[in-house]
Amino acid sequence: MPATYPDSAQLKGRDRKISEALLNKKRFRVLGLTPDDVIKYFFQGNAAVAILVLVLIMVFLLREGAGFFGQNLRNLRIYRLAGLEYVDFIKREVEAHTELTRAANALRMRQFDAYLKEGKTIEEANEALAQYDLFATAFGDTVNEVRSIASDMTEAAVAIKEKEQIYRDTLEQKAMLLRAGRSAEAEAVVASSVDFKSEVEALKAMQPAFLAANVEFASKIKAALALGGREPLQAPYMGPFNQLKKHAETYLNSFASVEAQMARWTNDQPIPWYESVTAFLFGREWLTASFWQDWYGVIPLFVGSLLVSAIALAIAVPLGVAGAIYVSEIASAAEKGIIKPYIEFISAIPSVVLGFFGVAVLGQCLRAVSQTPWLSWFPGFPMSERLNSLTAGCLLAFMAIPTIFSLAEDALNNVPRHFKEASYALGATRFQTIVRILMPASLSGIISAILLGFGRVIGETMVVLLCAGNRIAIPDFTQGIGAFFQPVHTMTGIIAQEMGEVVPGSIHYRALFMVGIVLFIIALGVNFLAQRIVKRYRISIG
Amino acid sequence: MNATFETRMDTLPQAARGSQQGAPDTSDPMIEIDHLDFYYGANHALRDISLQIPGHQVTAFIGPSGCGKSTLLRCFNRMNDLIEGTRIGNGQIRIHGIDISDPAVDTIALRRQVGMVFQKSNPFPKSIYENIAYGLQIQGVRDRRRLDEVVEKSLRGAALWDEVKDRLHTSALGLSGGQQQRVCIARAIAVEPSIILMDEPCSALDPIATAKVEELIHELKKNYTIVIVTHNMQQAGRCSDMTAFFYLGQLIEMGKTEKIFTNPVQKQTEDYISGRFG
Ligand SMILES: Nc1ncnc2c1ncn2[C@@H]1O[C@H](COP(=O)(O)OP(=O)(O)O)[C@@H](O)[C@H]1O
Ligand SMILES: [Mg+2]
């Protein structure tokens, strides 16, 4: 039946129709793009912009921050060259003495208060303390000679450092003139470099005077200690007093090593380049805009940030996770409808408002609580400061709860329902099902929720700036729990506080950028870890 | 109430299990349902259902999707309690003569007596051993030897022992679908229930795995009362003694399986079985 076959012309026509349909030439296009393409490129573009911005931020941070190490190295070298390091041996000795004097005065204060409580009048109390005062005054005065030598040497060293600064400024000026093409004027500017060797010789010439004064100092201390008599204080205060005496003895014994260090010291010992890095990463002091020597050690800020975050997590993790468990497993639909929006609303509160609350209310409340007499057994109570790491930690916990709660709840809800049903069908209680099935199955999700909560907390700025007390010092961990009630400063706080005041390009400016880089790396690391954990969790649930 | 329930639950199945030696006491209905109405909120899912499920037999529930088979099955171990807004409007469910719809019934004890195997095999993301031991561990059994024994016995009971005895401590999720479903059956029988509910246990399995599970059901019937929901007519025909046909939340007909399949009383049953709807 050949007639029923389509002839070749017909065939060709049909093929063309099919191929046209397949190529879909009539489809709506803008600039040759279909709507699907437009959507695709739009989102690809968004992703590309996000990545680009991230890269730019990193490049910028590194560019601004990297110069820090060179500048810090010079900072450290001049510290040695100009003899500041040398003078610091003496200054530290003087400071240690000041510490001891302060302790002695504090002890007097306690005894004095005790006398007043006993019913003595002020005159009587002073009378009773006469013996102790003999000791305390004498002890306080012992240092005078050494202190005056130290301040002479300080001046001398600062003068050397200033000469160096002037030399550098002149060079700068000359370079600027040259760049401006005013070479004649540049010629006229004379920069004379500092001869550190001979300058420091002058400084070292004061050493014999110091040594003599130091011997005197030691014998005076011994005499002062003898002045205290047998029992200048009442029994309960004799323990601390003897402790103080012991400290004074150790202090005296340290003189020999100070003198030896000074004898050994020369200003031409080179400082290796890596010290600039270690001085930043492991430096225990952050001291800026000082007339003497600036230190850029990140440790106090890092510890402050970590301490505040640890407090925040210690509060937020139990509450956030328990809340998530409650909402996802126990609460009725009505309760869910109330609790969830409320918790999620917390994250909408501007952090400056929270900080304000911390300053105005929470700090005060916490301190009032710590001052109640029947809580005085608690270590670290009463708190001496209203704004401290606990205040900031509590508020940060409040901010971290929504993050931890929402992500942990997601993780729990992601556990397939049939695991839960299987457990109940075997006669498990709700508690058993939560603890033995749901928690293990969502553990990595919960851990990553906690990590992201940590990321949220360590990056928070406003609250810590307002409420952490902003004292740049490593908390005294020998006080145990009391360390949590001390004011700290944080990495975010210091950037926010100081960035506005620094000269762009200065070492201080670059140091702040380095702190920013440390923060950035921590945040990146935490997020990366959280994502890795979530990925593993997906696989394990399968 | 709880005490009587537990004691009767403990004694009665023991008496019933006497059948292992003698003939099964099929005259004693294991589950009795009287005029049961069940609601999901406002949705009236089960309407006036009355039926009796005999002990030591396999009872199949058939019917088109959405007719309430799973709902009824989940009433037997009160799994519907987990869904908010569900309630029994009317009627009674008695297991071993005890009304389990009473809110005072201890659902934990009930679920230990009435085990369940789900449509989608759902072993926990734990090892095979831990899966089987779970039911005992939550009852406080710590004794390692006892657990070992029960695990082996249950896996043998589920015809899985030989296949997995060398990998008891590897993840149950690494097994094939059929093996996973048998792990779930082993897990259910490890707590020694008297009744096992199965909700389309083979719907996700290939024919070979299905055959194995069916064979297993046949074995299990000696020791347990089984209620199985199935969409597969041949399966209902092959492995059940009794069949109940549901339609739109109502029980249309229940009787001996041969009778339902060869000579149903109701026209709707005949239409469904012959594949004219559903
Ligand atoms: N969790 C639930 N919530 C509300 N309605 C439900 C729920 N589960 C089942 N239903 C309703 O109950 C009826 C019976 O469902 P089901 O028992 O699952 O049927 P079957 O197992 O026979 O396919 C259906 O109308 C279904 O929509
Ligand atoms: Mg169903």
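Up top you'll find the structure we're talking about.
None of these values were measured; they are calculated from a predicted model.

(A) How the structure looks around the overall build of chain A. Scanning chain A from terminus to terminus reveals 20 helices and two strands. Taking 2.2 N^0.38 as the reference for a compact globule, 542 residues should give roughly 24 Å; the C-alpha atoms of chain A span a radius of gyration of 35 Å, well beyond that estimate. Seen through its C-alpha atoms, chain A measures out along the principal axes to roughly 135 × 85 × 35 Å. Per-residue burial over chain A gives 41% buried out of 542 residues. Excluding contacts between residues fewer than 6 apart, the proportion of contacts in chain A whose partners are at least 24 apart in sequence is 78%.

(B) Just the overall build of chain B, in detail. What chain B contains, in helices and strands, is 11 helices and 10 strands. Put simply, chain B has 278 residues, and 55% of those count as buried. A separation of at least 24 residues holds for 71% of the contacts in chain B among residues at least 6 apart in sequence. When the accessible surface of chain B is split by element, carbon and sulfur atoms take 47% of a total near 12,000 Å².

(C) Broad picture of the interface of chain B and chain A. Listed as interface residues are 24 residues of chain B and, on the opposing side, 20 residues of chain A. Interface of chain B and chain A: buried area, both sides summed, is about 1,900 Å²; carbon and sulfur atoms make up 64% of it. Interface area lost by chain B to chain A is led by Phe124, Tyr134 and Ile138 of chain B, which between them contribute 25%. In this structure, the connection of chain B to chain A is made through one salt bridge. Of the charged contacts, one joins Glu421 of chain A and Arg74 of chain B as a salt bridge, the two residues approaching to 3.1 Å between their closest N and O atoms. Every element with two or more residues in the side of chain B that touches chain A is listed here: helix H3 (107–113), strand S6 (114–117), helix H4 (128–137) and helix H7 (177–190) of chain B. With three residues, H3 of chain B is the largest single contributor of residues to the side of chain B that touches chain A.

(D) Structural view of a nonpolar patch on the surface. Residue and element names in this part refer to chain A. Taken together, Val352, Val353, Met462 and Leu466 make up a surface patch of nonpolar side chains, about 280 Å² in accessible area. Elements with a contribution of two residues or more to the nonpolar patch: helix H14 (351–371) and helix H18 (462–467). Turning to its location among the elements, Val352 is positioned in helix H14. Among the residues examined, Val352 registers a relative accessible area of 40% and is labelled partly exposed.

(E) Highlighting the site of ligand 1. Residues and elements named next belong to chain B. Around ligand 1, the neighbouring residues are Tyr40, Asn43, Ala45, Ser65, Gly66, Cys67, Gly68, Lys69, Ser70, Thr71 and Ile83. In the environment of ligand 1, an oxygen atom lies 2.7 Å from a nitrogen or oxygen atom belonging to the backbone of Gly66. Measuring from an oxygen atom of ligand 1, one finds a side-chain N or O atom of Thr71 at 2.4 Å. The protein chains hide 62% of the 550 Å² of surface that ligand 1 would expose on its own. Those elements that provide at least two residues to the shell around ligand 1 are strand S2 (43–54) and helix H2 (69–76).

(F) Structural view of the sheet that holds strand S5 (residues 98–99) of chain B. All names here are of chain B. Taken in spatial order, the four strands line up as S2-S1-S4-S5 in an open sheet, and their pairing is antiparallel. Lying at the two open borders of the sheet, with one neighbouring strand each, are S2 and S5. Sheet topology places strand S1 (residues 29–40) next to strand S4 (residues 86–95); eight bridges connect them, and they run antiparallel. Residue pairing for S4: Glu32 is matched across the bridge by Arg94. On the sheet, H2 packs against S1, S2 and S4 and is oriented at approximately 120° with respect to S1.

(G) Spatial organisation of the environment of Arg156 of chain B. Residues and elements named next belong to chain B. Looking at the secondary structure, you find Arg156 in helix H5 (residues 144–157). For the pair Arg156 and Glu270, spaced 114 residues apart in sequence, the C-alpha to C-alpha distance is 39 Å. With residues near it in sequence (within four places) discarded, Arg156 still touches Trp161 and Asp162.

(H) Broad picture of unusual backbone geometry. Positive phi outside glycine occurs at Asn470 of chain A, with the angle close to 50°. On the secondary structure map, Asn470 of chain A appears in the loop between H18 and helix H19 (491–498). Even without a glycine there, the phi angle at Leu248 of chain B is positive, about 50°. Looking at the secondary structure, you find Leu248 of chain B in the loop between strand S9 (242–247) and strand S10 (250–256). For Leu248 of chain B, a relative accessible area of 57% translates into the label exposed.

(I) Summary view of the nonpolar core. Ranked by size, the top nonpolar core spans 113 residues in total, and within it Val515 of chain A together with Ile31, Ile33, Phe61, Leu72 and Phe76 of chain B carry the most contacts. In terms of residue count, the dominant contributor to this core is helix H20 (residues 507–541) of chain A (14 residues).

(J) Layout of the sheet that holds strand S8 (residues 225–229) of chain B. Residues and elements named next belong to chain B. Within the open sheet, the six strands sit side by side as S6-S7-S8-S3-S9-S10. Their pairing is mixed. Strands with a single pairing partner mark the edges of an open sheet, and in this sheet they are S6 and S10. Across the sheet, the axes of successive neighbouring strands diverge by a mean angle of 15°, strand direction being ignored. In this structure, S6 lies alongside strand S7 (residues 195–199), joined through four bridges in parallel fashion. Within S7, the position partnered with Val114 by the bridge is Ile195.

(K) Representation of the packing of aromatic side chains within the structure. Tallied over the entire structure, the rule returns 26 aromatic pairs over all chains. Taken together, a centroid distance of 5.8 Å and an interplanar angle of 35° make the contact between Phe135 of chain A and Phe139 of chain A tilted. Note that Phe135 of chain A and Phe139 of chain A are positioned in helix H5 (residues 130–141) at a spacing of four residues, about one turn of the helix. Judged on exposure class, the residue Phe135 of chain A and its partner Phe139 of chain A are both buried. Ring centres of Phe38 of chain B and Tyr40 of chain B lie 5.4 Å apart, and the angle between their planes is 85°; on these two criteria the pair is classed as edge-to-face.

(L) A look at the pairing of strand S3 (residues 58–62) of chain B. Residues and elements named next belong to chain B. Counting buried residues along S3, five of its five residues qualify, which places the element largely inside the surrounding structure. Where S3 and S8 come together, four bridges link them in parallel fashion. Bridge assignment links Thr59 to a residue of S8, and that residue is Val227. By the bridge criterion, four bridges tie S3 to S9 in an arrangement that is parallel. When the sheet's bridge partners are listed, Thr59 is paired in S9 with Met242.

(M) Just the packing of helix H12 (residues 299–330) of chain A against helix H15 (residues 389–414) of chain A, in detail. Viewed as axis vectors pointing N to C, H12 of chain A and H15 of chain A meet at an angle of 35°, and their least axial separation amounts to 6 Å. Here H12 of chain A runs over H15 of chain A; the crossing is right-handed.

(N) Focus on H14 of chain A. Residue and element names in this part refer to chain A. A rise of 1.5 Å per residue sets the reference length of H14, with its 21 residues, at 30 Å; its end C-alpha atoms lie 28 Å apart and thus fit the reference within 8%. Of all the bends in H14, the greatest measures close to 45° and is centred on Gly358. Buried within H14 we find Leu354, Gly355, Gly358, Leu362, Gly363, Leu366 and Ser370. Looking at the buried residues of H14, the elements they touch are H15 and H18.

(O) Seen up close, the environment of Gly135 of chain B. Mapped onto the secondary structure, Gly135 of chain B falls in helix H4. Between the C-alpha atoms of Gly135 of chain B and Glu258 of chain B, which are 123 residues apart in sequence, the distance is 36 Å.

(P) Seen up close, the environment of Ala66 of chain A. Following the sequence through the fold, Ala66 of chain A ends up in helix H2 (residues 35–81). For the pair Ala66 of chain A and Ser198 of chain A, spaced 132 residues apart in sequence, the C-alpha separation works out to 34 Å.

(Q) Layout of the state of the cysteines. Residue and element names in this part refer to chain B. Summed over all chains, the structure comprises zero disulfides over all chains. Unpaired in this structure, Cys239 has its nearest cysteine sulfur neighbour in Cys202, at a distance of 7.4 Å. Relative accessible area serves as the criterion here: at 6%, Cys239 is assigned to the buried category.

Reading guide: rules and limits
- Residues numbered from 1 in each chain as written.
- Chains lettered and ligands numbered in written order.
- Predicted model: local features only at pLDDT ≥ 70, side-chain atom pairs only at ≥ 80, totals over all residues.
- Heavy atoms only, no water.
- Helix = DSSP H or I, 4+ residues; strand = E, 2+ residues; numbered from the N terminus.
- Rg over C-alpha atoms; globule rule 2.2 N^0.38 Å.
- Buried < 20%, exposed > 50% of the residue type's maximum accessible area, 1.4 Å probe, protein only.
- Contact = heavy atoms within 4.5 Å.
- Areas by Shrake-Rupley, 256 points an atom, 1.4 Å probe, with all protein chains shown as cover.
- Buried area = accessible area lost by both parts, 1.4 Å probe.
- Salt bridge = Lys/Arg side-chain N within 4 Å of Asp/Glu carboxyl O.
- Patch = residues over 30% accessible without salt bridge, like charges linked within 9 Å, V, L, I, M, F, W, Y side chains within 5 Å.
- Near = heavy atom within 4 Å.
- Polar contact = N/O pair within 3.5 Å; in protein donor to acceptor, adjacent residues only side chain to side chain.
- Pairing = 2+ DSSP bridges.
- Axes fitted to C-alpha atoms, helices over the stretch in contact; angles between N-to-C directions.
- Core = buried A, V, L, I, M, F, W, Y, C linked by side-chain atoms within 4.5 Å.
- Phe/Tyr/Trp six-rings, centres within 6.5 Å; stacked < 30°, edge-to-face > 60°.
- Left-handed = near helix turned anticlockwise from the far one by under 90°.
- Expected span 1.5 Å × (residues − 1).
- Bend = angle between axes of the 7 residues up to and from the residue.
- Disulfide = S-S within 2.5 Å.

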